[in-house]
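An overview of the molecular structure
Listed here are the chains, written in short residue letters.
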Amino acid sequence: MNAHIAPESSQAGSTQVGPVLVVDGLVKDFDGRVVLNGLNFTLAPGQSTALIGANGSGKSTLLKCLIRLIEPTAGQIKMLGRDVCALNTRDLRSFRAQVGIVWQRHNLVPRLSVLSNVIHGVQARMSGPRAWFQALAPAEVRAEAMACLDRVGLSDRAGARVDSLSGGQQQRVAIARMLMQRPAFILADEPDASLDPQTGEEVMALLLSLVRENGLSLLMISHRLEHTLEFSDRILGLAQGRIALDLPTAQADAAGLRRFFDHQEPA
Ligand SMILES: Nc1ncnc2c1ncn2[C@@H]1O[C@H](COP(=O)(O)OP(=O)(O)O)[C@@H](O)[C@H]1O
Ligand SMILES: [Mg+2]
């Protein structure tokens, strides 16, 4: 375990008693069209869970509902001990700071340095220009950003402009920026989707190492079955708006997962 990385979140991850996430009767419809139809599931801390399902089955919608980037229609969400649906705007902001998100597209600022981009992750906890520009950031923030870059294997590129990096390196910078939030829980929506197979695998391995070595909890979506099998402890399958599959990854195989997809209605 790297003592320099996110000490608070590591504690939060490893000392969390009880589930990190309880989803109870979650419903989401868009103008009456039901996408999530009463989901129930619970996640234990310190695990990597993969969410699978056909295109359009509602995987991204579920992830966004969990932090209310999309407002659920009905149901309850308890994450990291917080009643997510009951949070007011201010509490929602502090809650979201504890949740790191890795998207397929990372929204880094291409013309700024790698280190400045990582420092931006502190804005979840701290605001103002000192959180924005590398030269103005307090020494301890810069040191923590360097530790986060080291954690993703990119400390030697701190001064480089983001747009000079490869796609895989940029995704790792986005993960370093996310670590600056000191998250306890990570949501990852196809973080490997726009990367070549080997780079995508490295990014998935990095996320799993945050679970194994830093005690974080991970809920991730990958469209690659081999990544689902290699980088998760548990697999949840979404179909017709419900959890239609829930099994330990050790009991899953590619043929079985493919059958799950094949039996789904087209979206
Ligand atoms: N903001 C939105 N407004 C209307 N419909 C949406 C919105 N977001 C997603 N949907 C619909 O919800 C369904 C699930 O989408 P999504 O969660 O993106 O699926 P997945 O991530 O599994 O591919 C799709 O039919 C999609 O068109
Ligand atoms: Mg999606």
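In this text the structure is predicted, and so the values were computed from the model without any measurement. Numbers given for residues are sequential positions, taken from 1 along each chain in its written order. For naming, the first written chain is A and the first written ligand is 1, with later ones following in the order written. It should be noted that, the model being predicted, local features are given only for residues of pLDDT at least 70 and side-chain atom pairs only at 80 or more, the latter also being counted only at that level, while totals for whole chains, interfaces and linings use all residues.

**Overview of the overall build of the chain**
Formally: Helix and strand labels come from DSSP, where a helix needs a run of H or I of at least four residues and a strand needs a run of E of at least two; each type is numbered from the N terminus. Backbone-placed C-beta atoms define the burial measure: a residue is buried with 20 or more other C-beta atoms within 10 Å of its own, exposed with 12 or fewer, and partly exposed in between. Residues are defined as contacting one another if the C-beta atoms placed from their backbone atoms lie within 7 Å.
Within the chain, the regular secondary structure consists of 9 helices and 10 strands. Within the span of the chain, comprising 267 residues, buried residues form 43% of the whole. The contacts in the chain between residues at least 6 apart in sequence include a share of 70% that link residues at least 24 apart.

**Overview of the pairing of strand 6 (residues 99-102)**
Test applied: Paired strands, as defined in this entry, are two strands with at least two bridges between them according to DSSP.
Side chains Val99 and Ile101 of strand 6 all project onto a buried face; the interleaved residues Gly100 and Val102 project onto the opposite face, where all are buried too. Bridge count between strand 6 and strand 7 (residues 185-189): 4 bridges; the pairing is parallel. Bridging across to strand 7, Gly100 finds its partner in Ile186.

**Quick look at the sheet that holds strand 8 (residues 217-221)**
Worth spelling out the cut-off: For every element, the axis is a line fit to its C-alpha atoms; helices are fit only across the contacting stretch, and the angle between N-to-C directions ranges from 0 to 180 degrees.
An order of 6-7-8-3-9-10 is seen for the 6 strands of this open sheet, with the pairing classed as mixed. Bordering the open sheet on either side are strand 6 and strand 10 (242-248), each of which pairs with just one other strand. Adjacent strand axes in the sheet meet at a mean angle of 20 degrees when their direction is disregarded. In the packing of helix 2 (residues 59-66) onto the sheet, the strands contacted are strand 3 (48-52), strand 7, strand 8 and strand 9 (234-239), and the crossing angle to strand 7 comes to about 150 degrees. Contacts from helix 7 (residues 197-214) reach strand 3, strand 7 and strand 8, with the element oriented near 155 degrees to strand 8.

**Concerning the sheet that holds strand 5 (residues 82-83)**
Strand order in the open sheet formed by 4 strands is 2-1-4-5, with antiparallel pairing between adjacent strands. Both edges of this open sheet fall to strand 2 (33-43) and strand 5, since each of them pairs with a single strand only. Both strand 1 (residues 21-30) and strand 2 contribute to a ladder of 9 bridges, which runs antiparallel. Looking at strand 2, one finds that Val23 is bridged to Phe41.

**Remarks on the environment of Arg105**
Mapped onto the elements of the fold, Arg105 is located in the loop between strand 6 and helix 4 (114-119). Looking at Arg105, the number of C-beta atoms within 10 Å reads 13, which means it is partly exposed. Sequence separation between Arg105 and Ala193 is 88 residues; the distance between their C-alpha atoms is 9.0 Å.

**A closer look at the nonpolar core**
What counts here: The term nonpolar core refers to a group of buried residues, namely Ala, Val, Leu, Ile, Met, Phe, Trp, Tyr and Cys, whose C-beta atoms join them within 7 Å.
Counting residues in each nonpolar core, the largest one holds 68 residues, and the members touching the most others are Val118, Leu149, Ala176, Ile186 and Leu207. Dropping the residues within four chain positions of it, Leu207 is found in contact with Ile186, Ala188, Pro191, Leu218, Met220 and Phe231.

**Structural notes on the site of ligand 1**
Test applied: Only the C-beta atom matters for nearness: placed from the backbone, it must lie within 6 Å of the molecule or strand for the residue to count as near. Note on residue categories: nonpolar means Ala, Val, Leu, Ile, Met, Phe, Trp, Tyr, Cys or Pro, charged means Asp, Glu, Lys or Arg, and polar means any other residue, Gly included.
Among the 11 residues in the neighbourhood of ligand 1, the closest are listed as Phe30, Gly56, Lys59, Ser60 and Thr61. Of all the elements, helix 2 adds the most residues to the shell around ligand 1, at 3 residues. A class-by-class count of the residues in the shell around ligand 1 yields 3 nonpolar, 7 polar and 1 charged.

**Remarks on the pairing of strand 7**
Here is the key point about a regular strand: its side chains alternate between the two faces of the sheet. Where we set the bar: Crossovers are marked right-handed if the path from the first strand over the helix to the second runs clockwise, as seen with the strands pointing away from the viewer.
Strand 7 sits mainly inside the fold: 5 of its 5 residues count as buried. Residues of strand 7 alternate between two faces, with Phe185, Leu187 and Asp189 on one and Ile186 and Ala188 on the opposite face, all of them buried. Pairing geometry for strand 7 and strand 8, over 5 bridges, is parallel. Of the residues in strand 8, the one forming a bridge with Ala188 is Met220. Read as a crossover between parallel neighbours, the route from strand 7 over helix 7 to strand 8 is right-handed.

**Focus on the environment of Gly75**
When you line up the elements, Gly75 lands in strand 4 (residues 74-79). Through-space distance from the C-alpha of Gly75 to that of Leu26 is 4.1 Å; in sequence the pair is 49 residues apart. Discounting residues that sit within four places of it in the chain, Gly75 has contacts with Asp24, Gly25, Leu26 and Val27.

**As for the confidence of the model for the chain**
The line we're drawing: Each residue gets a pLDDT score, which is the predictor's confidence in that residue and runs from 0 to 100.
On average, residues of the chain score 90 in pLDDT, and 88% of them are at 70 or above. When the criterion is pLDDT under 50, residues 6-14 qualifies, and its contacts beyond four places in sequence or with other chains add up to 21 contacts.

**Looking at helix 5 (residues 139-151)**
Operational definition: Multiply 1.5 Å by the residue count of a helix minus one, and that product is the helix's expected span. When we speak of the arc, we mean the arc of directions from the helix axis to the C-beta atoms.
End to end, helix 5 covers 18 Å across 13 residues, agreeing with the expected 18 Å (1.5 Å per residue, within 8%). For helix 5, every residue scored as buried is listed here: Val141, Glu144, Ala145, Cys148, Leu149 and Arg151. Projection of helix 5 onto a plane perpendicular to its axis shows the buried side chains occupying an angular sector of 155 degrees, all on one side. Looking at helix 5, the residues exposed on the side facing more than 90 degrees away from the buried face are Ala139, Glu140 and Ala143.

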